[in-house]
Amino acid sequence: MESLDFKNKTVLVVGGTGGIGNGIARAFKDRQAEACVWGTRPTASDYQDDPDSDLEGLAFEQMDVSDQAALDAYSPSFDRLDVLVLSHGIVMWGGREYQPDNFKRVMDVNVAGVLACCVKFQEMLAASAGTIIILNSVGAFRSNPKLPAYNASKAALESLTRTLALDWAEDGIRVNGIAPGMVPTRMTKVAAEDPKRVAAYVSRVPLGRTGKVENVADLAVFLASPSASYLTGLTIPVEGGRLLT
Ligand SMILES: NC(=O)c1ccc[n+]([C@@H]2O[C@H](COP(=O)([O-])OP(=O)(O)OC[C@H]3O[C@@H](n4cnc5c(N)ncnc54)[C@H](OP(=O)(O)O)[C@@H]3O)[C@@H](O)[C@H]2O)c1
């Protein structure tokens, strides 16, 4: 097993102001990386009272990934990039994703936003023989009810992960995905704070619990490390066996 030390490495976590992305950014920071996070609010202090967000020791920049003009105008504040993590995402609960405008909005952020960020940083990642990690979901493989856009966006990301891995291998860039089951965060509040829904979910998880941010972050660190140097194009479930049942 190679070192999990990221000294002199730079990591950008898009969506690093929220639960899973924030945990991933902190895991890289704890392993000596320079970690930068993107979120949608204007300043880091706008996250001060958010229990799901700890920006201490992380560089923060505002970016809406669905705003192509803002991405085009963005000039990186770091001069190298080793790891790009795409952990942003939205969901619209309660059947709202059946409305065409909502469907399109989820696809814009969750899919087009991922591609736009990857393209933006392709050159920097090629220069460092870097790696991309795309946050997917078990929803790519097993549909969550009433989430047509979210499920479709994640299925699309599984394909996009494979295509990018294939096309950018010649640049030395590895591309992998992580597909968590339910992890209590701001995004899943509606389900994770309903004891009946959690119990129903956990009853279908062989390992008998919901996921923790650290379970996802540990895999992200591994995938970015030299120990994963022969892995590309995979989307790996982290779900306590949920997909087995
Ligand atoms: N939690 C789960 O159970 C679970 C399960 C499977 C997969 N996932 C996936 O894991 C990833 C992270 O989920 P999470 O639970 O950590 O969600 P979260 O707590 O809601 O965080 C979402 C992050 O995405 C950012 N974001 C949202 N829209 C954006 C936009 N247009 N441009 C840039 N950033 C944007 C948010 O920024 P702000 O902080 O500014 O809002 C936040 O940093 C997502 O891709 C999600 O689909 C989560």
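Provided above is the structure to which this section pertains.
Residues numbered from 1 in each chain as written. Predicted model: local features only at pLDDT ≥ 70, side-chain atom pairs only at ≥ 80, totals over all residues.

Draft legend 1. Examining the packing of helix α1 (residues 19-30) against helix α7 (residues 213-224) more closely. Axis separation between α1 and α7 bottoms out at 8 Å; the angle between their running directions is 50°. On the basis of the axis angle, α1 is oblique to α7. Once α1 is placed against α7, the crossing between them reads as right-handed. Residues G19, I20, G23, I24, A27 and F28 of α1 touch α7, and the partners they reach there are V213, E214, V216, A217, A220 and V221. Looking at the contact of α1 with α7 residue by residue, the classes come out as nine nonpolar, two polar and one charged. (Axes fitted to C-alpha atoms, helices over the stretch in contact; angles between N-to-C directions. Helix = DSSP H or I, 4+ residues; strand = E, 2+ residues; numbered from the N terminus. Parallel < 35°, antiparallel > 145°, perpendicular 65-115°, else oblique. Left-handed = near helix turned anticlockwise from the far one by under 90°. Contact = placed C-beta atoms within 7 Å. Nonpolar A, V, L, I, M, F, W, Y, C, P; charged D, E, K, R; others polar.)

Draft legend 2. Spatial organisation of the site of the ligand. Near the ligand, the surroundings consist of 29 residues, among which G15, G18, G89, T185 and M187 are the closest. Of all the secondary structure elements, the ones that give two or more residues to the shell around the ligand are α1 and β2 (34-39). Of all the elements, α1 adds the most residues to the shell around the ligand, at three residues. The class makeup of the residues in the shell around the ligand is eleven nonpolar, 14 polar and four charged. (Near = placed C-beta within 6 Å.)

Draft legend 3. Spatial organisation of the pairing of strand β5 (residues 131-135). For β5, the tally of buried residues reaches five of five residues, placing the bulk of the element in the interior. With burial as the criterion, each face of β5 is covered, one bearing T131, I133 and L135 and the other bearing I132 and I134. Sheet analysis places strand β4 (residues 83-86) next to β5, joined by four bridges and oriented parallel. Along β5, the bridge assignment pairs L84 with I132. As for the winding sense of the linkage, the β-α-β connection from β4 through helix α3 (residues 100-128) to β5 is right-handed. A crossover links β5 with its parallel partner strand β6 (residues 174-180), the connecting element being helix α4 (residues 148-168), and its sense is right-handed. (Buried ≥ 20, exposed ≤ 12 C-beta atoms within 10 Å, placed from the backbone. Pairing = 2+ DSSP bridges. Right-handed = clockwise from strand over helix to strand, strands pointing away.)

Draft legend 4. Up close: the pairing of β2. Burial runs high along β2: six of the six residues are buried. Covered by surrounding structure in β2 are E34, C36 and W38 together with A35, V37 and G39, the residues of both alternating faces. Where strand β1 (residues 10-14) and β2 come together, five bridges link them in parallel fashion. Bridge assignment links L12 to a residue of β2, and that residue is C36. With α1 bridging β1 and the parallel β2, this β-α-β connection has right-handed handedness. As paired elements, β2 and strand β3 (residues 59-62) share four bridges and run parallel to each other.

Draft legend 5. α3, seen in detail. Compared with an ideal rise of 1.5 Å per residue, which puts 29 residues at 42 Å, α3 spans 40 Å between its outermost C-alpha atoms and is within 8% of the ideal. Where α3 bends most, at Q122, the angle is about 55°. Regarding α3, the residues found buried are V106, V109, N110, V111, G113, V114, C117, C118, K120 and L125. Buried residues along α3 sit in contact with β1, α2 (68-73), β4, β5 and α4. (Expected span 1.5 Å × (residues − 1). Bend = angle between axes of the 7 residues up to and from the residue.)

Draft legend 6. The nonpolar core, seen in detail. V11, I24, F28, L84, V85, V216 and A220 are the most contacted members of the largest nonpolar core, which totals 59 residues. Residue contributions to this core peak at eight residues, all from α7. Those residues in contact with V85 that lie beyond four places of it in its chain are V11, V13, V14, G21, I24, I133 and A220. (Core = buried A, V, L, I, M, F, W, Y, C linked by C-beta atoms within 7 Å.)

Draft legend 7. Focus on unusual backbone geometry. A positive phi is found at Q32, a non-glycine position, where the angle reads about 75°. Structurally, Q32 can be placed in the loop between α1 and β2. Q32 sits in the partly exposed class, given 13 other C-beta atoms within 10 Å. With a phi close to 65°, K146 is a non-glycine residue in the positive phi region. Structurally, K146 is set in the loop between β5 and α4. Look at K146 and you get partly exposed, because 14 C-beta atoms sit within 10 Å.

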